[in-house]
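# Remarks on the overall topology
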Amino acid sequence: MKDLIRSRNFLIGAGFVLSLAALVACQTMLDHGSAAQAQSQQAPRYVVDPLWPKPLPNHWVLGMTIGVAVDADDHIWIIHRGAPTLSVHEKQIDNNAGDCCTAAPPVLEFDQAGNLLRHWGGPGPGYEWPDSNHGIFIDYKGNVWIGGNGGPDSEILKFTKDGKFLLQVGKKGARRVAGAAAGSGEGAAAGFAGGSNDLLNFGRAAKIFVDPKENEAYIADGYLNKRVAVLDADTGKMKRYWGAYGHKPDDTPMPPYDPSQPPAQQFRSPVHCADMSVDRLIYACDRANDRLQVFTPDGVFVKEAYYHTNTKENGSVWDIAFSKDPEQKYIFMADGVNDKVRIIDRQSLKELTNFGDGGRQPGEFHAVHSIAIDHEGNLYTTETYEGKRVQRFLLKGMAPVTKMDQGVPWPVSN
Amino acid sequence: MAALRWPGLLLAAMMLLTAPVRAHDIPIDAVVRMFVKPQGQVLRVLVRMPLKSTTEDMEYPRRERDFVDLAKVEPFLRDAAEVALLNSLDVYEDGRVLPKPRIASVRMSLESDPSFYDYNSALAHVLGPPLPDSETLYWEQGVLDVLFEYPIRSERSYFSLHAAFNRLALHEVTTVQFLAPGGVSRALELEGDAGLVHLDPSWFHAAGRFVIMGFNHILDGTDHLLFLLCLVIPYRQVRPLIPIITAFTVAHSITLIASTYHYVPDVLWFPPLIETLIAMSIFYMALENIVVQRPSHRWIITFCFGLVHGFGFSFGLQQSLQFAGSHLLTSLLSFNVGVELGQLLVLCLFVPALNLLFRYVMPERMGIIIISAIVAHQAWHWMVERFAVLERFPRPSITAAGVRSALGWLSAAVVMAALLWLTSIAIKGWTGSEQQETPKSY
């Protein structure tokens, strides 16, 4: 027996058995820890895809990238503001001063591989292209809707995917009022006044959503007006509209947002999104009031929630996208001041966690303005001001929420 | 002439990729969805394709502003189904091509219509009411839904199809869901013209396909071939090669099967890590051939590297596993058989060629050193290139999940090492002192 114990082979064999036992014990302990963690809050986990999209051809660059949408083929459409928002150093071709660069056409379509497909946009016969493009949406018939928030922009436009003009609702310059003060905020210009009870024109519309069931377009209206407006998506005829809490909208100028004051009873421009969920609720982004308000399709107020309420001026609630599970359990909210995407439980409207941070590297943001989601649950964001880009974030399943601020969603591990 | 032609083609391709799409351009991409269901004496094939892929071939009735005149569109949809789909689709029953089917129904639908996510809703949609005539819709923004009905002998027959829809777009994908009797469902994703596809392959069809795949895989993989060459250079006889080749086969089978069943780290850096390790394995073997005259225990190191190569094989196999049907394990083993056959063929060529080389061209030792040095040189370049790719991925942060996964892999490594140790004891006991071969004199 002693010989056996002393034998080299016995010691090696015992070493293997002990090592294995130690490893299994450690694993079991970790499994217990994980099981406990799994009981805690879960949220979708994302990582940035730094290789999407591919470089643009023709020395094209993006200006302020001000809208993003995903169509039925999972192609990604963006709209940007082009040359007026490029610095002189970014458009040397236009000035015959060098080989780089020039603005890409305003509307761009990308496939899932990041290839640029169709590209078009700009002024043309039969319609009034906005001074400052804002928001893009692809409806259930594959038509492309565009808003605008430039000084005189009071119209929205509908095109085919090939850029063929279909419909203009509202007339550019309709909000012109001699002597009107400029107001404040993005797109502010003297000589224009809100008209939130106008049935024919808009006031710098921010975003459009089309309800396939009723063929109605919901307009987040806007930077000058203070309402959600609903139109027949074929004729453009306005059917109804409402303000914050379902009130009749009132364009009386409001003092700047102050979180210590009682909640404002009107939307504080801009009304930046008006999207419908699967259970037919309208979620309106009251951007400068830092709040999301929920309505029935008829404009009856349901509930609201506030986010990062110390955010002043440009506000924290810029745009939303719903998760792709059948119940749309989550809302993804772009916050362009604090440079985060917030992940929100749709039922409670409670923020579960957020990702992103300020900066120019992949996964960081500078003024994340718009957000959209594809059928796989991957997110797409666009950035305005000096951000000027579109990014993709890949869904990596559910993960326990360990902290509120996840930071940059860099693809470091599983 | 060729030199002039290539830049022209390149320019044309660039223009195609960047020019605004006009009405008659071939789309960049298209997805065709198919459901195939045999029921009684009828095989129902439901197909949805984007109409943007038909603009080159088709005229269609229009009303104001070029909207499709839906009241008159049905005959044109039937033509589109004939031209774009039926002319490129062959369906087989028990190996016999079926005659052209009856077009039971056609519909033009909105691209956002969700019906084609399962068979029953797709069938109800195609047989249901068409879009109202008042609907405003453009041809290019619609989809064509068709129900084909093929007369068949039995729903239990063996079905296969050849769908060559690759002309519908520059990059075309066909998704096929086959609903066999008894509730069995098979999903396939075919890129372009994927040739003849067995919808519910029998074990011998799956095995045959995967044997060929394995055979081609080893012959296509230069790095695997160079690894094999390094293994055999010092041993050009059957007996010493048996444990080495067996160790390689067993090891790569283990990791190939493990990764097919998803026992593999699901992280972005893993494939480049494996590619780097494969290059290292070749470099190590070549170096060992140079430094050691007759490496002992080569089978052990070969086993370890075989584990790595098995992961490499699995990366190439992932997309093809859909053709295994319900015979996943059989297909994997068949793939391995194919790999072995490929290896045997390579050995049959390498061994006599090396023997001839060392007999008539150069002395054996010098030949081994020269060949190994050339291989080591190539492997070094691969190693550097692949490591550069690997380095682009940041080092993983330490998380509980990561530690748990690492412990699992460590446990597997301990078990593997124990098995190797036991095998080596068994081999020693089996061969005894008799296995001490007289070293060759060089």
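Not measured: the values here are computed from a predicted model. (Residues numbered from 1 in each chain as written. Chains lettered and ligands numbered in written order. Predicted model: local features only at pLDDT ≥ 70, side-chain atom pairs only at ≥ 80, totals over all residues.)

### So, the overall build of chain B
For chain B, the count of helices and strands is eleven helices and ten strands. A burial count over chain B gives 35% of its 442 residues as buried. Restricting the contact set of chain B to residue pairs at least 6 apart, pairs at least 24 apart contribute 81%. (Helix = DSSP H or I, 4+ residues; strand = E, 2+ residues; numbered from the N terminus. Buried ≥ 20, exposed ≤ 12 C-beta atoms within 10 Å, placed from the backbone. Contact = placed C-beta atoms within 7 Å.)

### Looking at the nonpolar core
Formed by 88 residues in total, the largest nonpolar core has its most connected members in Ile 136, Ile 219, Val 228 and Phe 332 of chain A. Setting aside chain neighbours within four positions, we find Val 228 of chain A in contact with Tyr 218, Ile 219, Ala 220, Asp 221, Tyr 241, Trp 242, Val 271, Ala 274, Ile 282, Ala 284 and Gly 299 of chain A. Counting residues in hydrophobic clusters, the runner-up holds 49 residues, among them Val 36, Leu 85, Phe 165 and Ala 169 of chain B. (Core = buried A, V, L, I, M, F, W, Y, C linked by C-beta atoms within 7 Å.)

### What about the interface of chain A and chain B?
Tallying the contact residues gives 37 residues for chain A and 36 residues for chain B. Those elements giving two or more residues to the side of chain A that touches chain B turn out to be α2 (8-38) and β7 (116-120) of chain A. Take the side of chain A that touches chain B: its biggest share by element is 13 residues, from α2 of chain A. Looking at the side of chain A that touches chain B, its residues break down into 17 nonpolar, twelve polar and eight charged. (Nonpolar A, V, L, I, M, F, W, Y, C, P; charged D, E, K, R; others polar.)

### Here we look at the sheet that holds strand β12 (residues 205-211) of chain A
Residues and elements named next belong to chain A. Here four strands make up an open sheet; going across it, the order is β12-β13-β14-β15 and the pairing antiparallel. Because the sheet does not close on itself, it has two edges, and the strands there are β12 and β15 (238-242). Averaged over all neighbouring strand pairs, the angle between strand axes comes to 20°, with direction disregarded. (Pairing = 2+ DSSP bridges. Axes fitted to C-alpha atoms, helices over the stretch in contact; angles between N-to-C directions.)

### Some remarks on the sheet that holds strand β9 (residues 144-148) of chain A
All names here are of chain A. Spatial ordering of the open sheet is given by β8-β9-β10-β11, a layout of four strands whose pairing is antiparallel. Of all the strands in the sheet, the pair left with one neighbour each is β8 (133-138) and β11 (165-169). Taking the axes of each pair of neighbouring strands and ignoring which way they run, one obtains an average angle of 20° across the sheet. Pairing analysis gives three bridges linking β9 to strand β10 (residues 156-159), with the strands arranged antiparallel. Within β10, the position partnered with Val 144 by the bridge is Phe 159.

### Quick word on the packing of helix α5 (residues 222-232) of chain B against helix α9 (residues 328-360) of chain B
Residues and elements named next belong to chain B. Between α5 and α9, the least distance of the axes is 10 Å, while the angle of their chain directions is 50°. Looking at the two axes, α5 sits oblique to α9. Once α5 is placed against α9, the crossing between them reads as right-handed. Residues Leu 225, Leu 228, Leu 229 and Val 232 of α5 pack against Gln 343, Val 346, Leu 347, Phe 350 and Val 351 of α9. A per-class count over the contact of α5 with α9 returns eight nonpolar, one polar and no charged. (Parallel < 35°, antiparallel > 145°, perpendicular 65-115°, else oblique. Left-handed = near helix turned anticlockwise from the far one by under 90°.)

### Regarding the packing of helix α6 (residues 238-260) of chain B against helix α8 (residues 298-317) of chain B
All names here are of chain B. For the pair α6 and α8, interaxial distance at closest approach is 6 Å and the crossing angle is 35°. The way α6 lies across α8 gives a crossing that is right-handed. On α8, the residues that touch Pro 243, Ile 244, Ala 247, Phe 248, Ala 251, His 252, Ser 253, Ile 254, Thr 255, Leu 256, Ser 259 and Thr 260 of α6 are Arg 298, Trp 299, Thr 302, Phe 303, Gly 306, Leu 307, His 309, Gly 310, Phe 311, Phe 313 and Ser 314. When its residues are assigned to classes, the contact of α6 with α8 shows twelve nonpolar, ten polar and one charged.

### Considering helix α7 (residues 270-291) of chain B
Residues and elements named next belong to chain B. Here α7 contains 22 residues, and its C-alpha end-to-end distance of 31 Å stays within 8% of the 32 Å for a straight helix at 1.5 Å per residue. What α7 keeps buried is the set Ile 274, Glu 275, Thr 276, Leu 277, Ile 278, Ala 279, Ser 281, Ile 282, Phe 283, Met 285, Ala 286 and Asn 289. Looking at the buried positions of α7, the neighbouring elements they touch are α5, α8 and α10 (364-391). (Expected span 1.5 Å × (residues − 1).)

### Some thoughts on unusual backbone geometry
Residue and element names in this part refer to chain A. In this chain, Cys 100 is followed by Cys 101 through a cis amide linkage whose omega measures 5°. The topology assignment puts Cys 101 in the loop between β4 (76-80) and β5 (102-103). For the peptide bond that leads from Asp 221 to Gly 222, omega is 5°, which places it in the cis range. Structurally, Gly 222 can be placed in the loop between β13 (216-221) and β14 (227-232). The phi dihedral of Asn 58 is positive, around 60°, even though this residue is not glycine. Here Asn 58 shows up in the loop between β1 (42-49) and β2 (60-61).

### Focus on the domain arrangement of chain B
Under the domain assignment used here, chain B contains domain 1 (25-200) and domain 2 (206-396 + 406-429). One C-alpha centre belongs to domain 1 of chain B, the other to domain 2 of chain B; they are set 44 Å apart. (Domains from an automatic or database assignment.)

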